[in-house]
Amino acid sequence: MDPRLNKFKKIIRECNYDNTYKMALAKALVELSSEKEYEGDFVVFTVYDAAHKFLKYYWNQTIYFNLVQGSNLKKIPEVLQYTKRLISKFFEYNENKKPERFEKAEKILSEKLRDHYAKTIDNIACTICKDVAWRFTRIDGEFADDIYVFDKTKKVFVISSEVVKLLKENAEDLYDLINYRWGMILETFNSSPRINKKVKIIDREDIKRNSLNKYKVFLDAENPERRCFLCGKKIEDKELSIDHVIPWSYVYSDDLWNLVYVHKSCNSTKSNVIPSEEEIQKLKERNEELFEILKEKQESGKWIDELEIAIEKDYVDKFWIGCKQ
Ligand SMILES: [Zn+2]
C-alpha cells in the first residue's frame, strides 16, 4: 500500500478523543478529492472549501441527532457553537422547525441568511487554521508533509495530485474508517443509543423515516377512540399522527412502547422536546394496559415481544433518563 495512504489511515486511527475535528478534516479532504477531476502536479483546497464541508457534517449530525462533539461538556467545540447558532437562525427564519439536511437548507442560507452563513464559514475557517490544519498531519511528533502542506498566509492546503488520486480511489474505505472512528469518539461522550448508525446515516441523501401506519392496529386496540396522548381530546382522521414520546432524534428507532396517537397540531408544538414526568408515567401505564389487551387478544409477534421486554426492563425510564442528559 502507498505509504501516504497508510499515514492518512494512521492519522484517522490514532486520533485522540478530545473532539472530532480531525475526522471532519479527513472526511473533507476525501470528499474534496473525489468531487472532480484535477489537473497539474498539485491541487489546492482552500480552508473555506474545508469549512463548507465541516459545516455540512456538523449541521446534519446536530439538526437530526444533536450529538455532543467534544469531551469538555462545559465548553462546546467552537465549530459546533457556530453551527448551532446558524441552525437557530435557520429555525427563526423557517418557522416549521423541521430538521432539514444542510444540502437542502443551503439554498435558504445562501439567499435569505447570507450574512450569517458567510460569517459561519469564516468562523469555521478560522478554527481550522488555528487548531486543525497544522495539527492534522502530525504523526509521532513529526509532520507528514507528503500528505499536504498547509499555507497559513494563503489559507490553503497544497496536496500532490497523487495523494488526491489516492484519496479518491480509496474513498469508500476511507469513509467507512472515518465514520467508524467518528462514532467511537462520540460514544465516549454521548449516552444516546445507535451512535454509529446515526453517524453513518448522515452520509445518505435522504434520512427517511419509516411509515408508522403498521402500528395503528396495536394502538387502536388500547385507544379505539384515538384520543390524543398530549391533550386527551379525540382526533379527527385528518389530524391524526403517531408520535415518539421519547424523541426520535434520540432513540432513532420506531418501537411500539414509544409510540402514541397525537394531533398533528399538538405534535408540531412539542417536536423534539423531552417529555415531562407525567407523560412518562402515562406512557408506562399505557404500555402495561396495551400489553394486557394484546395478550388477551392472543396477539403475538416481534412487536409484542419487544413491548413485553420494554416493560420488564423499564426502557421508558431508562431512555427518558438518557435523553435528559
Ligand atoms: Zn392533542
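To start, this report covers the structure provided alongside it. (Residues numbered from 1 in each chain as written. Predicted model: local features only at pLDDT ≥ 70, side-chain atom pairs only at ≥ 80, totals over all residues. Heavy atoms only, no water.)

A few words on the sheet that holds strand S4 (residues 149–151). Backbone hydrogen bonds are what pair the strands of a sheet, in a parallel or an antiparallel way. With antiparallel pairing, three strands are arranged side by side in an open sheet as S1-S5-S4. The open sheet is flanked by strand S1 (42–46) and S4, the only strands paired with a single partner. The average angle at which neighbouring strand axes cross in this sheet is 25 degrees, direction not considered. For S4 and strand S5 (residues 156–160), the ladder comprises three bridges, and the chain directions are antiparallel. Counterpart to Phe150 in the pairing with S5 is Phe157. Along the sheet face, helix H3 (residues 47–65) touches S1, S4 and S5 and points at about 60 degrees away from the line of S1. (Pairing = 2+ DSSP bridges. Helix = DSSP H or I, 4+ residues; strand = E, 2+ residues; numbered from the N terminus. Axes fitted to C-alpha atoms, helices over the stretch in contact; angles between N-to-C directions. Contact = heavy atoms within 4.5 Å.)

Grouped together as the largest cluster of nonpolar side chains are 74 residues, with contacts concentrated most on Phe8, Phe54, Ile128, Tyr148 and Phe157. Sort the elements by how many residues they give to this core and H3 lands first, with eleven residues. Counting residues in hydrophobic clusters, the runner-up holds 33 residues, among them Ala221, Tyr261, Leu283 and Phe291. (Core = buried A, V, L, I, M, F, W, Y, C linked by side-chain atoms within 4.5 Å. Buried < 20%, exposed > 50% of the residue type's maximum accessible area, 1.4 Å probe, protein only.)

The next subject is the coordination of the zinc ion. Every protein donor of the zinc ion is accounted for by Cys228 (SG), Cys231 (SG), His263 (ND1) and Cys266 (SG), and the metal-donor separations fall at 2.1 to 2.4 Å. The sequence pattern formed by the donor residues of the zinc ion is C-x2-C-x31-H-x2-C. Here Cys228 is found in the loop between helix H10 (216–222) and strand S6 (240–244), whereas its partner Cys266 is found in helix H12 (residues 264–270), with 38 residues between them in sequence. What makes Cys228 buried here is its relative accessible area of 3%. (Donors = N, O, S within 2.8 Å, 3.2 Å for Na, K, Ca; no water.)

Right, let's get into the state of the cysteines. Evaluation of the coordinates by the stated rule reveals zero disulfides. Here Cys126 stays unpaired: no disulfide links it, and the sulfur of Cys129, its closest cysteine neighbor, is 6.7 Å away. Take Cys126: its relative accessible area is 45%, and that puts it in the partly exposed class. (Disulfide = S-S within 2.5 Å.)

What follows covers the side chain of Thr20. Structurally, the position occupied by Thr20 is in the loop between helix H1 (3–13) and helix H2 (21–35). Residue classification places Thr20 among the buried residues on the basis of a relative accessible area of 1%. Setting aside chain neighbours within four positions, we find Thr20 in contact with Tyr58, Gln69, Trp182, Ile185 and Leu186.

On to the pattern of salt bridges, then. Within the structure shown, the criterion is met by 23 salt bridges. One salt bridge in this structure joins Arg227 and Glu225, with 3.0 Å as the shortest N-O distance. In this structure Glu225 comes out as partly exposed when scored by relative accessible area, which is 43%. Between Asp317 and Lys284 there is a salt bridge whose closest N-O contact spans 2.6 Å. With Asp317 in helix H15 (residues 315–324) and Lys284 in helix H13 (residues 277–296), the pair connects residues that are 33 residues apart, well separated along the chain. Given a relative accessible area of 22%, Lys284 falls into the partly exposed group. Three or more residues joined by partner-sharing salt bridges are found here, namely Glu31, Glu35, Lys53 and Lys56. (Salt bridge = Lys/Arg side-chain N within 4 Å of Asp/Glu carboxyl O.)

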